[in-house]
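Structural overview for review
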Amino acid sequence: MSPRFPVEGSGLGLRRALLGPLQDLPAPPAVDFFEIAPENWIGVGGQPGRALRALTERHPFVCHGLSLSLGGPAPLDEALLHRVRDFLDAHRVRCYSEHLSYCADDAQLYDLMPIPFTEAAVQRVAARIRRAQDIVGRRIAVENVSYYAIPGADMSELEFVNAVLAEADCDLLLDVNNVYVNSINHGYDPDAYIAGLPLERVAYLHVAGHYVEAPDLIVDTHGAAVADPVWALLERTYRRLGPVPTLLERDFNFPPLAELLDEVARVRALQRAIAAEAPHAAVA
């Protein structure tokens, strides 16, 4: 494993619908690492729990949280963070990340809501990230999220993300699909956005599918194959960063596992092509 990144290569988001197909493969799948949401697995026993343990004993895993609500108005769920820490330790998870958004107030909203792009929000969210890092006992990565409205803004999305990363001193889970989706919905240059990030903080990348509602409206669904413009943006991102570890997300409308593995293989092929062009490339 590279000291620069917690994992290597191309990964796949592990959903329960994929457990059976993965176990039924005659040989280990061509996946370098898996990602799960800890909230979906903490306390799970029986056959699903045993199946997960069998995979975490054989493969590198990262965790991507769903419900910490880093930008929310409710107090930080420290009890959840303690359970997450135990889970990360028990399964030797390489990295823990969360969304730079909020999803709860008095109850779960079951959606990722945008945080106002304000200095006050930067300070509040960064303090919550620092506290989360203290409780889980490791650095965490926050993910740039897709959003469809801006509830308040004293700065741009890029300025907000950069300010949070610097103030919290945390890492970045760079979602390339989210950059593309937001660039269409909010009219900015996705390459300039990626170039403006502190790329030395990138832990790994996400790619996923989306739904085109209209020429100027894309919905981040994770329910389709990765679109050609996102593949192209991923390749350009590799040319800037090098072949950073990258995970394919798919949450529903699952095709046959072979099709998902073909997408994982396409990620790996891009990584190898970039590495062959510039084998000593470093993060910009």
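It should be noted that the structure appears before, not after, this text.
Right, let's walk through the structure included here.

Each value, and the rule that gives it
Residues numbered from 1 in each chain as written. Predicted model: local features only at pLDDT ≥ 70, side-chain atom pairs only at ≥ 80, totals over all residues. Heavy atoms only, no water. Helix = DSSP H or I, 4+ residues; strand = E, 2+ residues; numbered from the N terminus. Rg over C-alpha atoms; globule rule 2.2 N^0.38 Å. Buried < 20%, exposed > 50% of the residue type's maximum accessible area, 1.4 Å probe, protein only. Areas by Shrake-Rupley, 256 points an atom, 1.4 Å probe, with all protein chains shown as cover. Lys, Arg positive; Asp, Glu negative; His and termini not counted. Charge placed at Lys NZ, Arg CZ, Asp CG, Glu CD. Axes fitted to C-alpha atoms, helices over the stretch in contact; angles between N-to-C directions. Left-handed = near helix turned anticlockwise from the far one by under 90°. Contact = heavy atoms within 4.5 Å. Nonpolar A, V, L, I, M, F, W, Y, C, P; charged D, E, K, R; others polar. Core = buried A, V, L, I, M, F, W, Y, C linked by side-chain atoms within 4.5 Å. Expected span 1.5 Å × (residues − 1). Polar contact = N/O pair within 3.5 Å; in protein donor to acceptor, adjacent residues only side chain to side chain. Pairing = 2+ DSSP bridges.

In this section: the overall build of the protein chain. Broken down by element type, the protein chain carries nine helices and 12 strands. Taking 2.2 N^0.38 as the reference for a compact globule, 284 residues should give roughly 19 Å; the C-alpha atoms of the protein chain span a radius of gyration of 18 Å, in line with that estimate. Along the first, second and third principal axes, the C-alpha atoms of the protein chain reach 55 × 45 × 40 Å. When burial is assessed residue by residue, the protein chain has 53% of its 284 residues classed as buried. When the accessible surface of the protein chain is summed, it comes to about 12200 Å², and 54% of that surface belongs to carbon and sulfur atoms. Of the charged side chains in the protein chain, 24 are positive and 38 negative; the average position of the first set lies 8 Å away from that of the second.

Quick look at the packing of helix 6 (residues 176-186) against helix 8 (residues 228-241) now. In contact at an axis separation of 9 Å, helix 6 and helix 8 are set at 120° when each is read in the N-to-C sense. For the pair helix 6 and helix 8, the crossing hand works out as right-handed. Counting all contacts with helix 6, which are made through Val 176, Asn 177, Val 179 and Tyr 180, the residues of helix 8 involved are Pro 229, Val 230, Leu 233, Leu 234 and Thr 237. Looking at the contact of helix 6 with helix 8, its residues break down into seven nonpolar, two polar and no charged.

In terms of nonpolar packing, the biggest core is built from 77 residues, with Leu 12, Leu 14, Tyr 96, Ile 129, Phe 160 and Leu 234 touching the most fellow members. When residues in this core are grouped by element, the largest group, eight residues, is from helix 4 (residues 119-136). Residues contacting Leu 12, with those up to four places away along its chain left out, are Leu 18, Val 31, Phe 33, Phe 34, Glu 35, Leu 247, Leu 248, Leu 257, Leu 260 and Val 264. By size, the runner-up hydrophobic cluster in this structure holds nine residues, among which are Val 62, Ala 203, Tyr 204 and Leu 247.

A separate point is helix 3 (residues 78-90). With 13 residues, helix 3 ought to run about 18 Å at 1.5 Å a step, and its terminal C-alpha atoms sit 18 Å apart, in line with that. Close packing links the buried residues of helix 3 with strand 2 (33-36), helix 2 (46-56), strand 3 (61-64), strand 4 (96-99) and helix 4. One side-chain oxygen of the residue at the start of helix 3 lies 3.4 Å from the amide nitrogen of Ala 79, identifying that residue as Asp 77.

Here we come to the sheet that holds strand 7 (residues 141-143). The strand order around the closed barrel built from eight strands is 1-2-3-4-7-8-9-12, with neighbouring strands paired in parallel fashion. Neighbouring strand axes in the sheet, compared pairwise and without regard to direction, differ in orientation by 30° on average. The sheet contact formed by strand 8 (residues 171-175) and strand 9 (residues 202-207) spans four bridges and is parallel. Its bridge partner being in strand 9, Asp 175 is matched across the sheet by His 206.

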